[in-house]
Amino acid sequence: MVKKKNSNTMWGGRFGTGPAEIMEQINASIDFDWQLYAQDIAGSKAHAEMLAIQGIISSQDGVSITKGLDTILSQIEKGTFEFSRGLEDIHMNIEARLTELIGDAAGRLHTARSRNDQVATDFKLYVRDAIDRLDGLLHGLQLALSEKAAQYAGAVMPGFTHLQSAQPVTYGHHCLAYVEMSNRDRGRFQDARKRLNESPLGAAALAGTSFPIDRDMTASALGFDRPTANSLDAVSDRDFLLETLSAASITAIHLSRLAEELVLWSTPQFGFIRLSDQFSTGSSIMPQKRNPDAAELVRAKAGRIIGALTGLMVVMKGLPLAYSKDMQEDKEPFFDAIASLELAIAAMTGMVADLEPDLKKMKQAAGASFATATDLADWIVRVLGKPFREAHHITGALVALAESKRVPLHRLSLADMQHVEPALTEDVFSVLTVASSVKSRKSYGGTAPANVRKQARKWLNRLARESKNAD
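Because the structure is a prediction, the values reported are computed rather than measured. (Residues numbered from 1 in each chain as written. Predicted model: local features only at pLDDT ≥ 70, side-chain atom pairs only at ≥ 80, totals over all residues. Heavy atoms only, no water.)

Colleague: I'd love a proper account of the overall build of the chain, names of residues and values included.
Modeller: Looking only at helices and strands, the chain features 18 helices and 8 strands. A compact globule built from 471 residues would reach a C-alpha radius of gyration of about 23 Å, whereas the chain, at 30 Å, exceeds it by more than 25%. Projecting the C-alpha coordinates of the chain onto the three principal axes gives extents of approximately 100 × 55 × 45 Å. Burial status across the chain gives 47% buried among its 471 residues. Counted over contacts in the chain with a minimum sequence separation of 6, partners at least 24 positions apart contribute 76%. Working note: accessible area of the chain is about 22,700 Å², and carbon and sulfur atoms make up 53% of it. For the chain, the distance from the average site of its 54 positive side-chain charges to the average site of its 56 negative ones is 6 Å. (Helix = DSSP H or I, 4+ residues; strand = E, 2+ residues; numbered from the N terminus. Rg over C-alpha atoms; globule rule 2.2 N^0.38 Å. Buried < 20%, exposed > 50% of the residue type's maximum accessible area, 1.4 Å probe, protein only. Contact = heavy atoms within 4.5 Å. Areas by Shrake-Rupley, 256 points an atom, 1.4 Å probe, with all protein chains shown as cover. Lys, Arg positive; Asp, Glu negative; His and termini not counted. Charge placed at Lys NZ, Arg CZ, Asp CG, Glu CD.)

Below you can see the structure in the form of structure tokens.
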């Protein structure tokens, strides 16, 4: 819990009085940036060790600082640390407590750094950890989808364009589409992680420092690839947040599209799936209702995540170099967006794993609306040698005939068909069933069950290798 305590005197030498109460309220960030405590302590320990090795502070002070920081970490994790809004932020809260623990040596920790490079370092460490968590969650979603794809590789369902029945596909193929989307999401996060992995520590306020620091040492200690090359850029850069939020927004859009399909498919009008009781709710007045609230909330959370990206872009768009206090507004929406995305991925993974498809209804729907018309046109091209545009015209006339007779294409008689195109033969009926339609789609990436099984196995093996390597 954050409590109101004494006003911040850590920077008070320039000022004769403390801040107004409203200034304290608008200026303080400890209500949310306390979440950076582990990263702040890790960065401070690396900085203190470097200062001691470089002879900028004594070895004894370096040891005292490290022990004090370890004590503070333990107190925060146990919930006994008292955060103070009067001390503004996580950095000053930790430094103030360190001073209480070890005395004047604590004041040497801030040598050769500023809160500007300190917060940039902390936040990069936090974002890096968040990306790693998201990658693990997306791996889990891919696994759930791939398992469904393998289980239902041959389960026929309608494929849609414009939300109208288009061509038959398989449920497994549909699941694999989201596996591919999730893999691109993971790739975008990994790209962002690679670019952000440069250490701002040592850039100080904006111009670097005159102390003989070793930025390579602190970068290596914190797992960065290298230190940032320009001190102005190091403290003013928030591209790593924008890029991560952009990847998060695209991921949220993918989740929202799948959530929308689950909402539609679970209605009586579609009846394709049944969500488990674990991910459904009831109505306070209508006892028959089963509401797909988890899917609806996943769909809604996409708006919060996209909003965080938009908000930060607006904050950053007009800022001159280097640091401005506006940039304090980067944290709350980012924390919220990542928490929302983590929850949405976990909820979607649970829904996918638990849902049960109604294979009979899916198959019935797959054959509706003349869904095999394209197969008929392809047969005319392949067997009769007609140009596709002519075949398209012939097929359209046959669809119109079937529609007038209120029968599906495969229920037209051969005589009726030959009235439209005399060259048609009995063999045409071999391509008019939904099973034959999906089976024929053997091109790479197509919906043929053999393709789907192969792709599902590939993904399951790949995901298993990733899990093994992670262990």
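Colleague: I'd like a rundown of helix H4 (residues 59–78), residues and numbers included.
Modeller: Each α-helix winds once per 3.6 residues, and so residues spaced three or four apart point in a common direction. For H4, with 20 residues, the first-to-last C-alpha span of 29 Å sits near the 28 Å given by 1.5 Å per residue. Gly79 occupies a position one or two residues after H4 and carries a positive phi of about 85°. (Expected span 1.5 Å × (residues − 1).)

Colleague: Tell me about the packing of helix H6 (residues 115–151) against helix H18 (residues 449–470), and name the residues and values.
Modeller: Two numbers describe how H6 lies on H18: the axes approach to 9 Å, and their chain directions differ by 150°. Put simply, H6 runs roughly antiparallel to H18. As for the relative orientation of H6 and H18, their crossing is left-handed in sense. The segment H6 lies against H18, with His139, Gln142, Leu143, Ser146, Glu147, Ala149 and Ala150 engaging Val452, Ala456, Trp459, Leu460, Leu463, Glu466 and Ser467. (Axes fitted to C-alpha atoms, helices over the stretch in contact; angles between N-to-C directions. Parallel < 35°, antiparallel > 145°, perpendicular 65-115°, else oblique. Left-handed = near helix turned anticlockwise from the far one by under 90°.)

Colleague: So what's going on with unusual backbone geometry? Which residues, and what values?
Modeller: In this chain, Leu321 is followed by Ala322 through a cis amide linkage whose omega measures 10°. The residue Ala322 is located in the loop between helix H11 (293–316) and helix H12 (331–354) in this model. Although it is not a glycine, Ala112 sits at a positive phi angle of roughly 70°. Residue Ala112 is classed as buried on the basis of its relative accessible area of 8%. The phi torsion at Leu163 lies on the positive side, around 60°, for a residue other than glycine. Take Leu163: its relative accessible area is 53%, and that puts it in the exposed class.

Colleague: Talk me through the side chain of Thr111; I want residue IDs and the actual numbers.
Modeller: Relative to the helices and strands, Thr111 resides in the loop between helix H5 (90–102) and H6. Accessibility expressed as a relative area gives 18% for Thr111, which makes it buried. Reaching out from Thr111, the side chain makes a polar contact with the backbone oxygen of Arg108 at a distance of 2.7 Å. Sequence-distant contacts of Thr111, defined by excluding residues within four places in its chain, comprise His47, Leu51, Ile56 and Phe211. (Polar contact = N/O pair within 3.5 Å; in protein donor to acceptor, adjacent residues only side chain to side chain.)

Colleague: Tell me about the packing of helix H3 (residues 37–53) against H5, residues and numbers included.
Modeller: Two quantities define a packed helix pair, namely the angle between the axes and the distance from one axis to the other. It is at 10 Å that the axes of H3 and H5 come closest, and there the two elements cross at 60°. The angle between H3 and H5 places the two elements in the oblique class. Once H3 is placed against H5, the crossing between them reads as right-handed. Judged by residue contacts, Tyr37, Asp40 and Ile41 of H3 engage Ile90, His91 and Ile94 from H5. By residue class, the composition of the contact of H3 with H5 is 4 nonpolar, 1 polar and 1 charged. (Nonpolar A, V, L, I, M, F, W, Y, C, P; charged D, E, K, R; others polar.)

Colleague: Give me the pattern of salt bridges: which residues, what numbers.
Modeller: This structure, assessed with the given rule, holds 22 salt bridges. Arg97 is the salt-bridge partner of Glu100, the closest N and O atoms lying 2.9 Å from each other. Of the two residues, Glu100 and Arg97 are both situated in helix H5; the distance of 3 residues between them amounts to about one turn of the helix. Assessed through its relative accessible area of 52%, Glu100 is described here as exposed. Relative accessible area serves as the criterion here: at 23%, Arg97 is assigned to the partly exposed category. (Salt bridge = Lys/Arg side-chain N within 4 Å of Asp/Glu carboxyl O.)

Colleague: Could you give an account of the side chain of Thr372, naming the residues involved and the relevant values?
Modeller: Topologically, Thr372 is positioned in the loop between helix H13 (359–366) and helix H14 (373–384). Each residue touching Thr372, except ones within four places of it in the same chain, is listed here: Pro168, Leu409, Val431, Leu432, Thr433, Val434 and Ser437.

Colleague: Which residues make up the nonpolar core, and what are the values?
Modeller: Ranked by size, the top nonpolar core spans 91 residues in total, and within it Phe123, Tyr171, Leu262, Phe334, Leu341, Met348 and Met351 carry the most contacts. Looking at which element gives the most residues to this core, the answer is helix H10 (residues 239–265), with 13 residues. For Phe334, the contacting residues outside a window of four places in its chain are Phe123, Tyr126, Val127, Leu241, Thr244 and Leu245. Membership of the second largest hydrophobic core comes to 17 residues, among which are Ile380, Ala391, Leu409 and Met417. (Core = buried A, V, L, I, M, F, W, Y, C linked by side-chain atoms within 4.5 Å.)

Colleague: So, the environment of Ala302: which residues are in play, and what are the values?
Modeller: As for its placement among the helices and strands, Ala302 is situated in helix H11. Sequence-wise, Ala302 and Leu134 are 168 residues apart; in three dimensions their C-alpha atoms are separated by 15 Å.

Colleague: Outline the packing of aromatic side chains, listing residues and values.
Modeller: Tallied over the entire structure, the rule returns 12 aromatic pairs. Relative to Phe334, the ring of Phe123 lies with its centre 5.5 Å away and its plane at 85°, an arrangement referred to as edge-to-face. Of this pair, Phe123 sits in helix H6 while Phe334 sits in helix H12, and the two are 211 residues apart along the sequence. Residues Phe123 and Phe334 agree in their burial class; the two are buried. Where Trp265 meets Phe272, the ring centres are 6.2 Å apart and the plane angle is 50°; that geometry is what we call tilted. The two residues Trp265 and Phe272 agree in class, both being buried. In this structure an aromatic cluster arises from ring pairing among Tyr152, Phe160, Tyr171, Trp265, Phe270 and Phe272. The side chain of Arg128 reaches across the aromatic face of Phe224, ending 5.0 Å from its centre. (Phe/Tyr/Trp six-rings, centres within 6.5 Å; stacked < 30°, edge-to-face > 60°. Lys NZ or Arg CZ within 6 Å of the ring centre and 35° of its normal.)

Colleague: Outline the environment of His91, listing residues and values.
Modeller: By the secondary structure assignment, His91 is in helix H5. Taking the C-alpha atoms as reference points, His91 and Val383, separated by 292 residues in sequence, lie 75 Å from one another. Setting aside residues no more than four positions away along its own chain, His91 makes contact with Asp40, Arg115, Gln118, Val119 and Asp122. Looking at His91, its side chain comes within polar contact range of the side chain of Asp40, at 2.7 Å.

Scope: geometric values only; no functional claims are made or implied.
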